[in-house]
Amino acid sequence: MIAFYIYNRPQPIVKQDLQPIDRSRTNKVVQALRHSMLSYEKYAWGKDELLPLSQTGSDWFTLGLTIIDGTDTSFVMGQTDILAKCQEWIETMSFAQEGNSNVFEITIRVVGGLLSAFQLTHHPIYKQKAQELADILLVAFETHFPLSSVNLKERKAIAAHFNNGASSTAEATTLQLEFKYLSHVTGNPIYWNKVQEIMQRFFALDRPSGLVPVFLNPYSGQLQGNEIRLGSRGDSYYEYLAKQWIQTNFTEPVFEREYRKSVEGIRRHLLGISQPHGFLFVGERPNGLGDIFSTKMDHLVCFLPGTLALAATRGKRVTTKDRHKLSKQDLRDLELAEELARSCYEMYRQTPTGLASEIVFWNASPVTKRLPTPSVLDYHQGLVETADTRSVPDDGETDQDTRFKYLNPDRQMLDFEIHTYDGHNLLRPETVESLFVLYRITGKQQYREWGWSIFESFEKYSKIESGYTCLVNGLMIPPPKRDKMESFWVGETLKYFYLLFADEDVLPLDRFVFNTEAHPLPVFEPKEELKKQLLFLS
Ligand code: DMJ
């Protein structure tokens, strides 16, 4: 017997006062979720992912990842029939699985997904299951930094099998939102304290300019190697600095400090300008902060515009007219967010299918190399000013940026190259996430339009009769398909599409913080009783 605890928001989650165009768009996104989840139910129910081409399923950790990632999305979109099936499965799910389960992946997807479902529905099963899993995961926290995997059945932690057992920096530092919220709802300080200790040790390391190598050694507690990037293995370290600051209602200033230091580091060392159109991009430093600057940018980096905008405005709407109320630093961050969101959108718009590849190499304008790095953004923003764009827009509704008036309307890749094996599209969420956040923050319709054109490309090229599928190469028409529907498609990409067009008081950004798998958790301050037992950093 399934009992539903309906989320006791004062407003229904789907309101009816949307503009007809947005109602029609949200309806189409809901249909995409239904098509994804019902195909998964038909061919792969209980498996981690749907293989839509072969009409079967595959396992990674054997934890029904698509069910768990899809539960809160089904709730948010009001799809109670799907939610009921997910809940029924979760009630009897078992964590006693063999094999190596990656601590980061199952924390962000499973612990995060369950906690989000708990806070939305108030059904205790989700909290109970989240805690059951987190209790097993604690075995990974006995070294200086967590080991990368756990055999859940044997309750044994396992180091990575490569790179001397190194863990990814992003993985070790992207558990905090989930574990801290778990302490808040269970009253047990252990989860909070374990992940806070990780941050305490991490902040004690030397991190010039707030930028960090993408590996760390869990045994010695030292950072490993020199590769600095905001893409794979680095990304959510920066995201969770900002979001930890937001999660506890800005009461832990250490996270603001560290986050701002990192943003300054990004400005100084990682920004470049493309040619011919002058898009701003985030490159990599494969050899520390030395001379080598690579123009490689993973699609994963496209989380950054959303995070910058969120932190600069504390999740509140700031129209163009209100921008003068922001501090200089926040204003610059919001401008940087908007520039980078445009570049991420171009990574879609300039490809033949309209779907971004996994990696691009930007064609750097000579100015990127000539200028001392701290000046890249200033130069770029100088360009903005001299291109006479500061007078418009004043209503925040339209994109009247004249710099891009003559942008080639064809899908020609002029500003970046895509290497032979990098053209795949994995249904990833990061750009849509940033467009959603930027729409909510600025109110500019352009972000909805950009998002809609991306959604239409997914409909055209990734949708098949039995679900949605990744592409082997988004540069070919028709694009060859890869047989996988990633669980983050339902957990993140479709949720962000929906929220981009939905009523703006669904999950407001000043009251909810989305974990890196798009599972919304509430902003909270720990209760007094618990507070006394929690480790706070200064
Ligand atoms: C998701 O699991 C999360 O968004 C993570 O932070 C990065 N990779 C995927 C989506 O691209």
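In what follows, the accompanying structure is described. Since we're looking at a predicted model, the values are computed, not measured. (Residues numbered from 1 in each chain as written. Predicted model: local features only at pLDDT ≥ 70, side-chain atom pairs only at ≥ 80, totals over all residues. Heavy atoms only, no water.)

Take the overall build of the chain next. Across its full length, the chain carries 18 helices and 20 strands. Split into buried and exposed, the 538 residues of the chain put 64% on the buried side. If you take every contact in the chain between residues at least 6 apart in sequence, the share linking residues at least 24 apart comes to 74%. Only carbon and sulfur atoms are counted for the fraction: they give 50% of the accessible area of the chain, which is about 19500 Å². (Helix = DSSP H or I, 4+ residues; strand = E, 2+ residues; numbered from the N terminus. Buried < 20%, exposed > 50% of the residue type's maximum accessible area, 1.4 Å probe, protein only. Contact = heavy atoms within 4.5 Å. Areas by Shrake-Rupley, 256 points an atom, 1.4 Å probe, with all protein chains shown as cover.)

Around the ligand, the neighbouring residues are Ile 108, Arg 109, Leu 300, Arg 428, Pro 429, Glu 430, Phe 488, Glu 492, Thr 516 and Glu 517. Taking Arg 109, its side chain carries an N or O atom lying 3.4 Å from an oxygen atom of the ligand. Note that an oxygen atom of the ligand is positioned 2.8 Å from one of the side-chain N or O atoms of Glu 492. Surface burial for the ligand is 91%, taken as the share of its 290 Å² of free accessible area covered by protein chains. The pocket occupied by the ligand, as judged from atoms lying within 2 Å of grid points, is the largest pocket. Listing elements by their share of the shell around the ligand, those giving two or more residues are α4 (103-121) and α17 (487-501). Split into classes, the residues belonging to the shell around the ligand amount to four nonpolar, one polar and five charged. (Near = heavy atom within 4 Å. Polar contact = N/O pair within 3.5 Å; in protein donor to acceptor, adjacent residues only side chain to side chain. 1 Å grid on protein atoms, 1.4 Å probe; cavity = no way out; pocket = protein on both sides within 12 Å on 5 of 7 lines; lining within 4 Å. Sits in = over half its atoms within 2 Å of the grid points. Nonpolar A, V, L, I, M, F, W, Y, C, P; charged D, E, K, R; others polar.)

Across the sheet, three strands lie side by side as β3-β4-β5; this open sheet has antiparallel pairing. In this open sheet, the two strands that pair with only one neighbour each are β3 (101-102) and β5 (156-158). By the bridge criterion, three bridges tie strand β4 (residues 149-151) to β5 in an arrangement that is antiparallel. Each bridged residue has a counterpart across the sheet, and for Ser 149 the counterpart in β5 is Ile 158. (Pairing = 2+ DSSP bridges.)

Membership of the largest hydrophobic core comes to 155 residues, with the highest contact counts inside it found for Met 297 and Leu 494. In terms of residue count, α4 provides more of this core than any other element does, 11 residues in total. (Core = buried A, V, L, I, M, F, W, Y, C linked by side-chain atoms within 4.5 Å.)

What follows covers the environment of Asn 217. For Asn 217, the location among the structural elements is in the loop between β7 (213-216) and β8 (223-228). Overall, Asn 217 belongs to the buried group, its relative accessible area being 15%. Distance in space between the C-alpha atoms of Asn 217 and Thr 169 is 9.1 Å, their sequence separation being 48 residues. Here the side chain of Asn 217 touches Tyr 219 through a polar contact of 2.8 Å, landing on its backbone nitrogen. A polar atom in the side chain of Asn 217 sits 3.0 Å from the backbone nitrogen of Ser 220.

Let us now look at helix α1 (residues 20-44). In this model, α1 (25 residues) spans 35 Å end to end at C-alpha, consistent with the 36 Å of a helix rising 1.5 Å per residue. Directly after α1, the chain includes Gly 46, whose backbone phi takes a positive value near 95°. (Expected span 1.5 Å × (residues − 1).)

So, on to the state of the cysteines. For the structure on display, the rule yields one disulfide. Covalent S-S linkage joins Cys 302 and Cys 344, the inter-sulfur distance amounting to 2.1 Å. Negative torsions about the S-S bond denote left-handed disulfides, and the value of about -95° found for Cys 302 with Cys 344 makes this one left-handed. Of this pair, Cys 302 sits in the loop between β12 (296-298) and α11 (304-313) while Cys 344 sits in helix α12 (residues 328-349), and the two are 42 residues apart along the sequence. Each member of the pair, Cys 302 as well as Cys 344, carries the same accessibility label: buried. (Disulfide = S-S within 2.5 Å.)

So, about empty space enclosed by the protein. In this approach, a probe sized like a water molecule rolls over the atoms, and the result shows the empty space that is left. According to the stated counting rule, one finds two cavities of 30 Å³ or more in the structure shown. As for the largest cavity, its lining consists of Lys 243, Gly 306, Thr 307, Leu 310, Glu 433, Phe 436, Val 437, Tyr 496, Leu 509, Phe 512, Val 513 and Phe 514. Mapped onto the lining of the largest cavity, the elements with two or more residues apiece are α11, α15 (430-442) and β19 (512-514). Here the residues of the lining of the largest cavity are counted per class, giving eight nonpolar, two polar and two charged. A volume near 50 Å³ is recorded for the second largest cavity. Those elements that place two or more of their residues in the lining of the second largest cavity are α4 and α6 (169-172). (Points joined across faces, edges and corners; volume = space filled by probe spheres on them.)

Position of Gln 350 among the secondary structure elements: in the loop between α12 and β13 (359-362). A distance of 3.1 Å separates a polar atom in the side chain of Gln 350 from the backbone nitrogen of Leu 414. Within the structure, Gln 350 has its side chain in polar contact with the side chain of Asp 415 (distance 3.3 Å). Residues within four places of Gln 350 in sequence aside, it is in contact with Phe 279, Arg 411, Gln 412, Met 413, Leu 414, Asp 415 and Phe 416.

Before going further, it helps to examine the environment of Phe 279. Within the element layout of this structure, Phe 279 appears in the loop between β9 (271-273) and β10 (280-282). Judged by relative accessible area, which is 1%, Phe 279 ranks as buried. Each C-alpha atom, one on Phe 279 and one on Asp 415, is 7.8 Å from the other, the two residues being 136 residues apart in sequence.

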